[in-house]
Amino acid sequence: MIEESEIIKKVRRIEIRAKGLSRQLFSGEYHSAFKGRGMAFSEVREYHYGDDVRNIDWNVTARLNHPYVKVFEEERELTVMLLVDVSGSNNFGTQQQMKRDLLAEVAATLAFSAIANNDKVGVIFFSNQIERFIPPKKGSSHILRIIRELITFQSQSNGTDITEALRYFTNITKKRCTAFLLSDCKDAHFEEAIKIASHKHDLSVLHIVDVRERELPDIGLVKLVDAESGIEQWVDTSSSSLRRNYTALALKRQQQLDQMLKKYGIDSVEIQTGQDFVKPLTKLFDMRQ
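Scoring rules and cut-offs
- Residues numbered from 1 in each chain as written.
- Predicted model: local features only at pLDDT ≥ 70, side-chain atom pairs only at ≥ 80, totals over all residues.
- Heavy atoms only, no water.
- Pairing = 2+ DSSP bridges.
- Helix = DSSP H or I, 4+ residues; strand = E, 2+ residues; numbered from the N terminus.
- Axes fitted to C-alpha atoms, helices over the stretch in contact; angles between N-to-C directions.
- Parallel < 35°, antiparallel > 145°, perpendicular 65-115°, else oblique.
- Contact = heavy atoms within 4.5 Å.
- Nonpolar A, V, L, I, M, F, W, Y, C, P; charged D, E, K, R; others polar.
- Left-handed = near helix turned anticlockwise from the far one by under 90°.
- Polar contact = N/O pair within 3.5 Å; in protein donor to acceptor, adjacent residues only side chain to side chain.
- pLDDT = per-residue confidence, 0-100.
- Phe/Tyr/Trp six-rings, centres within 6.5 Å; stacked < 30°, edge-to-face > 60°.
- Buried < 20%, exposed > 50% of the residue type's maximum accessible area, 1.4 Å probe, protein only.

## Details of the sheet that holds strand E4 (residues 120-126)
Right, so step 1: The six strands are arranged E5-E4-E3-E6-E7-E10 in an open sheet whose pairing can be described as mixed. Since the sheet does not close on itself, it has two edges, and those belong to strand E5 (130-137) and strand E10 (267-272), each with one partner. Averaged over neighbouring strand pairs, the angle between their axes works out to 15° when direction is ignored.
Right, so step 2: Judged from the five bridges that link them, strand E3 (residues 79-85) and strand E6 (residues 178-183) form a sheet pairing that is parallel. Among the inter-strand pairings, Leu83 is bridged to a residue of E6, identified as Leu181.

## With respect to unusual backbone geometry
Right, so step 1: Of note in the backbone geometry, Gln96 takes a positive phi value of approximately 75° without being a glycine.
Right, so step 2: Locating Gln96 in the fold gives a position in the loop between E3 and helix H3 (99-116).
Right, so step 3: The phi dihedral of Cys185 falls on the positive side, at around 55°, and the residue is not glycine.
Right, so step 4: Take Cys185: it is sitting in the loop between E6 and helix H6 (191-200).

## Considerations on the packing of H3 against helix H4 (residues 140-152)
Right, so step 1: Direction vectors running N to C along H3 and H4 enclose 170°, while the axes themselves pass 9 Å from each other. Taken together, the axis directions place H3 and H4 in an arrangement best described as roughly antiparallel. Where H3 abuts H4, its residues Arg100, Ala104, Ala107, Ala108, Ala111, Phe112 and Ile115 lie against Ile143, Ile147, Leu150, Ile151 and Thr152.
Right, so step 2: Residue classes in the contact of H3 with H4 are distributed as ten nonpolar, one polar and one charged.

## Brief notes about the packing of helix H5 (residues 162-172) against H6
Helices that pack against each other are described as a pair by the angle of their axes relative to one another and the distance between those axes.
Right, so step 1: Packing of H5 against H6 leaves a shortest axis separation of 9 Å and a crossing angle of 30°. As far as their axial angle goes, H6 and H5 are roughly parallel. The way H5 lies across H6 gives a crossing that is left-handed. For the pair H5 and H6, contact is made by Thr163, Leu166, Phe169 and Thr170 and by Ala193, Ile194, Ala197 and Lys200, respectively.
Right, so step 2: For the contact of H5 with H6, a count of residues per class yields five nonpolar, two polar and one charged.

## Observations regarding the environment of Ser198
Right, so step 1: Summarising the element assignment, Ser198 is placed in helix H6.
Right, so step 2: The spatial distance from the C-alpha of Ser198 to the C-alpha of Leu261 is 9.6 Å, given a sequence separation of 63 residues.
Right, so step 3: Every residue in contact with Ser198, bar those within four places of it in the chain, is listed here: Leu203, Tyr264 and Ile266.
Right, so step 4: Within the structure, the side chain of Ser198 is placed 3.1 Å from the backbone oxygen of Lys195, a separation counted as a polar contact.

## Details of the pairing of strand E9 (residues 232-236)
Right, so step 1: Sheet topology note: the strand E8 (residues 221-225)/E9 ladder contains five bridges and is antiparallel. Bridge pairing in E9 places Leu224 opposite Gln233.

## Quick look at the confidence of the model for the chain
Right, so step 1: For the chain, per-residue confidence averages 86 on the pLDDT scale, and residues scoring 70 or more make up 90% of the total.
Right, so step 2: The least confident element of the chain, judged by mean pLDDT, is strand E1 (residues 39-46) at 68; the most confident is H5 at 97.

## Some remarks on the packing of aromatic side chains
Right, so step 1: Under the defined criterion, the tally for this structure stands at two aromatic pairs.
Right, so step 2: Taking 4.9 Å as the distance between ring centres and 10° as the angle between the ring planes, the aromatic pair formed by Phe125 and Phe153 counts as stacked. With Phe125 in strand E4 and Phe153 in the loop between H4 and H5, this pair connects stretches of sequence that are 28 residues apart.
Right, so step 3: We classify Phe153 as buried; its relative accessible area is 6%.

What follows is the structure, given as structure tokens:
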């Protein structure tokens, strides 16, 4: 059990780092990347050449026998939802930090970026069930609560069910919002759920990975344990064919994930443990300009 004093120190450390990164690197980029993504219906007007046909109001067009389009205005504030994977597989890391620690820092940085732009932030912690929901709010005290939860939260289950998380998210969030799914994506069967969620909301995926999930070192006979199922298996890592097959399977899964996200126009980046996450986040914001 972590001592209270250690928790406070860790919260403070993450707060300082995340707030600094948000202020120096992301505030402007965050605003330009996500402004206008939350749009409120304002009025209808006649269609003009060059207007986006997706904005045609077909009911008004049919009634007046002339094309009309919906006009939207940017909402003054956004709601940002963080869907954070707290399954057992995130209690793993070989590059100076666990995946869950990286998740906490990235989530905190996004939260501070949102707050700096006067947006509300909410969090859904999930494993193969919904572990906790923190409703969207503003304010530094709210962000500090989120950071504390990110550091100390202990899930009731070790599995991963991204479909359940996305369904819960779409059910409780009626108004269109900006959302980030932070996960190592060990669940491979969530295509239909992410298709629906990305249609209703502005969704991005931050894929958290560790290099040893793709490459096995040649260190002889080792016992591997699946953190989610608890299954143990002895593996001879001195086998070059085994290491090749391990890497090939991991790359295949990555390609399938990339193809699915691209299919539905979902922005995504990969963030690795032990590496600076500033570049991937900046890349994500740049691709949205």
